[in-house]
Structure formats: C-alpha cells, structure tokens
Amino acid sequence: MLDQVVYVAAVSVLGVFEQAYFSLQVIQARRKYSVSPPSTAGPPEFERVFRAQANCSEYFPIFLTVLWVSGIFFSQAISSLLGLLYLYGRYKYFQGYGKSALGRLAPLYFSAKILWALLAFSTLGVLNTLNQLYFDVDFLQLLNSVELFYSSLKKYNIYYTEL
Ligand SMILES: CCCCC/C=C\C\C=C/C=C/C=C/[C@@H]1O[C@H]1CCCC(=O)O
Ligand SMILES: N[C@@H](CCC(=O)N[C@@H](CS)C(=O)NCC(=O)O)C(=O)O
C-alpha cells in the first residue's frame, strides 16, 4: 500500500521545502528593502520576489491535488516524475521573476503545461475507477494488456492465462 504512494509523498515533502525556501526569500527581501507588514508595496525588486512567492503559493494546492489524484488513480511513476519537473519549473519561475517580470514567463508556461497534464491524468484515472466500479470496465488495464500484446507475444500469453 505505502509503496504505491511513497514517491508521490517524497515529491510533496520536497515541494513543502521549496515553499519554505520561497517564504524565507520574501522575509529576507522585506528586511533588505525595509518593507514591513502589512505593507506589500516597495521597489520592483521586492514586489517581484513577493509576487513570485504568492503565485507559487496559490498554485500549490492545485499542484498537490492533481499530483496525488493522478498518483493514486493513474500512475505513481508518471505523477511523481511530472511532480519533480513541476517543482523544477517553479524554482526557475521564482528565480526568473526575481530578475525580471519577463523572466517568469517561460518557466510559468512550462509548469502550467505540467499542471494540465497532471489534471488530464487525474481525470482519466478517476473516470477509470468509476468505470470499474459501475460498469466493470478497466480502461487502464485494457490499455496495459494492449501494450503487453505489442511488446511481446510471449508476455501477452502469460498475462492472458493469468486473467
Ligand atoms: C491546471 C490549471 C492550470 C492553469 C494555468 C493556466 C494558465 C497559466 C499559464 C500561462 C499564462 C500566462 C499569461 C501571461 C500573460 O501575459 C501576461 C499578461 C501581461 C499583460 C501585460 O503585461 O500587459
Ligand atoms: N494571481 C495571478 C493569477 C494568474 C497567473 O498565474 N498569472 C501569471 C501569468 S501573467 C503570473 O505570473 N502572474 C504574476 C503574479 O502572480 O505576480 C495573477 O495575478 O497574475
């Protein structure tokens, strides 16, 4: 059971470390540019770091949701790999935004594409489980058996007799 989610859990913990790093960077920028709470207005150098952390934070719940749903219902390997890429993209976003407003865009497009992919896999995975429950059709298993058939006839035969 735990082996089916441990990589997704590892990516989540890494993500929380990344969020902690972003927050610490904002705290440091507040000191450097003397912007005391509740103010969020300051020089552009401060506001870019502030916004980078805010933007990453507002997408973090979305990221965790689709990471876990697609990890549980679709594929742990694909989800955790995409999750790692997302965290890398968000790091580049934070660094890029810190340098210039334009610098945030390429990594943002990159991480948004990953979110859409994780959302698609989440949708497929949940629909597949609903189909299993109510119509007794497992599309993922079906897809898997077609793959096995093409990869090796021998493997297919073993798989087939096991069914
Ligand atoms: C699974 C949810 C994913 C939702 C994310 C969807 C889209 C976010 C991705 C890229 C959006 C980039 C938008 C950039 C806009 O050009 C920026 C606005 C500039 C306006 C201006 O400077 O005048
Ligand atoms: N809260 C975001 C929602 C939309 C979004 O994610 N926008 C991207 C592309 S314009 C962004 O990098 N926003 C910069 C920011 O949130 O500071 C915003 O105000 O822009």
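The structure contained in this document is the topic of the report that follows.

What counts, and at which threshold
Residues numbered from 1 in each chain as written. Chains lettered and ligands numbered in written order. Predicted model: local features only at pLDDT ≥ 70, side-chain atom pairs only at ≥ 80, totals over all residues. Heavy atoms only, no water. Helix = DSSP H or I, 4+ residues; strand = E, 2+ residues; numbered from the N terminus. Rg over C-alpha atoms; globule rule 2.2 N^0.38 Å. Buried < 20%, exposed > 50% of the residue type's maximum accessible area, 1.4 Å probe, protein only. Contact = heavy atoms within 4.5 Å. Areas by Shrake-Rupley, 256 points an atom, 1.4 Å probe, with all protein chains shown as cover. Near = heavy atom within 4 Å. Polar contact = N/O pair within 3.5 Å; in protein donor to acceptor, adjacent residues only side chain to side chain. 1 Å grid on protein atoms, 1.4 Å probe; cavity = no way out; pocket = protein on both sides within 12 Å on 5 of 7 lines; lining within 4 Å. Points joined across faces, edges and corners; volume = space filled by probe spheres on them. Nonpolar A, V, L, I, M, F, W, Y, C, P; charged D, E, K, R; others polar. Patch = residues over 30% accessible without salt bridge, like charges linked within 9 Å, V, L, I, M, F, W, Y side chains within 5 Å. Salt bridge = Lys/Arg side-chain N within 4 Å of Asp/Glu carboxyl O. Axes fitted to C-alpha atoms, helices over the stretch in contact; angles between N-to-C directions. Parallel < 35°, antiparallel > 145°, perpendicular 65-115°, else oblique. Left-handed = near helix turned anticlockwise from the far one by under 90°.

Concerning the overall build of the chain
Here comes step 1: If you tally the helices and strands in the chain, you get six helices and zero strands.
Here comes step 2: Relative to the 2.2 N^0.38 estimate, which gives 15 Å for 163 residues, the radius of gyration of the chain is 21 Å and therefore markedly larger than a compact globule would have.
Here comes step 3: Dimensions along the principal axes, computed over C-alpha positions, put the chain at roughly 70 × 25 × 25 Å.
Here comes step 4: Within the chain, the fraction of its 163 residues that count as buried is 33%.
Here comes step 5: For the chain, long-range pairs separated by at least 24 residues make up 64% of all intrachain contacts whose partners lie at least 6 apart in sequence.
Here comes step 6: As presented, the chain carries roughly 10,500 Å² of accessible surface, and 68% of it is formed by carbon and sulfur atoms.

Some points on the site of ligand 2
Here comes step 1: Residues in close proximity to ligand 2 include R51, N55, E58, Y59, Y93, Y97, R104 and L108, which together make up its full environment.
Here comes step 2: Side-chain polar atom of Y59 to an oxygen atom of ligand 2: 2.7 Å apart, as the coordinates give it.
Here comes step 3: Contacts to ligand 2 include R104, whose side-chain N or O atom sits 2.7 Å from an oxygen atom.
Here comes step 4: Relative to its unbound accessible area of 440 Å², ligand 2 is 61% covered by the protein chains.
Here comes step 5: Going through the elements one at a time, α2 (44–73) and α3 (76–99) are the ones with two or more residues in the shell around ligand 2.

So, empty space enclosed by the protein
Here comes step 1: Counted under the stated rule, the structure contains one cavity of 30 Å³ or more.
Here comes step 2: The calculated volume of the largest cavity comes to roughly 30 Å³.
Here comes step 3: Elements that contribute at least two residues to the lining of the largest cavity include exactly α1 (6–32), α2 and α3.
Here comes step 4: Here the residues of the lining of the largest cavity are counted per class, giving four nonpolar, two polar and two charged.

Topic: unusual backbone geometry
Excluding glycine, most residues fall at negative phi; most peptide bonds, likewise, are trans.
Here comes step 1: That bond from P37 to P38 is cis: its omega, 10°, falls within 30 degrees of zero.
Here comes step 2: Here P38 is to be found in the loop between α1 and α2.
Here comes step 3: Positive phi, close to 50°, is recorded for S34, a residue that is not glycine.
Here comes step 4: Within the element layout of this structure, S34 appears in the loop between α1 and α2.

Overview of a nonpolar patch on the surface
Here comes step 1: On the surface, I72, F73, V126, L127, L130, L133, Y134 and F135 cluster together to form a nonpolar patch covering roughly 840 Å² of accessible area.
Here comes step 2: Those elements that provide at least two residues to the nonpolar patch are α2 and α4 (105–135).
Here comes step 3: Broken down by element, the nonpolar patch gets its largest block of residues, six residues, from α4.
Here comes step 4: Along the polypeptide, L133 turns up in helix α4.

Thoughts on the site of ligand 1
Here comes step 1: In the neighbourhood of ligand 1, the contacting residues comprise L108, Y109, A112, L115 and W116.
Here comes step 2: When isolated, ligand 1 has an accessible area of 630 Å², and the protein chains bury 46% of it.
Here comes step 3: Its residues placed into classes, the shell around ligand 1 shows five nonpolar, no polar and no charged.

Description of the packing of α3 against α4
Here comes step 1: Orientation of α3 relative to α4, taken along the N-to-C sense of each, is 155°, at an axis distance of 8 Å. Comparing the axis directions of α3 and α4 gives the class roughly antiparallel. Judged by the twist between their axes, the crossing of α3 over α4 is left-handed. When α3 is examined against α4, the residues I78, S79, L82, L85, Y86, Y88, G89, R90, K92 and Y93 are found in contact with a partner set consisting of P107, L108, F110, S111, I114, L115, A117, L118 and F121.

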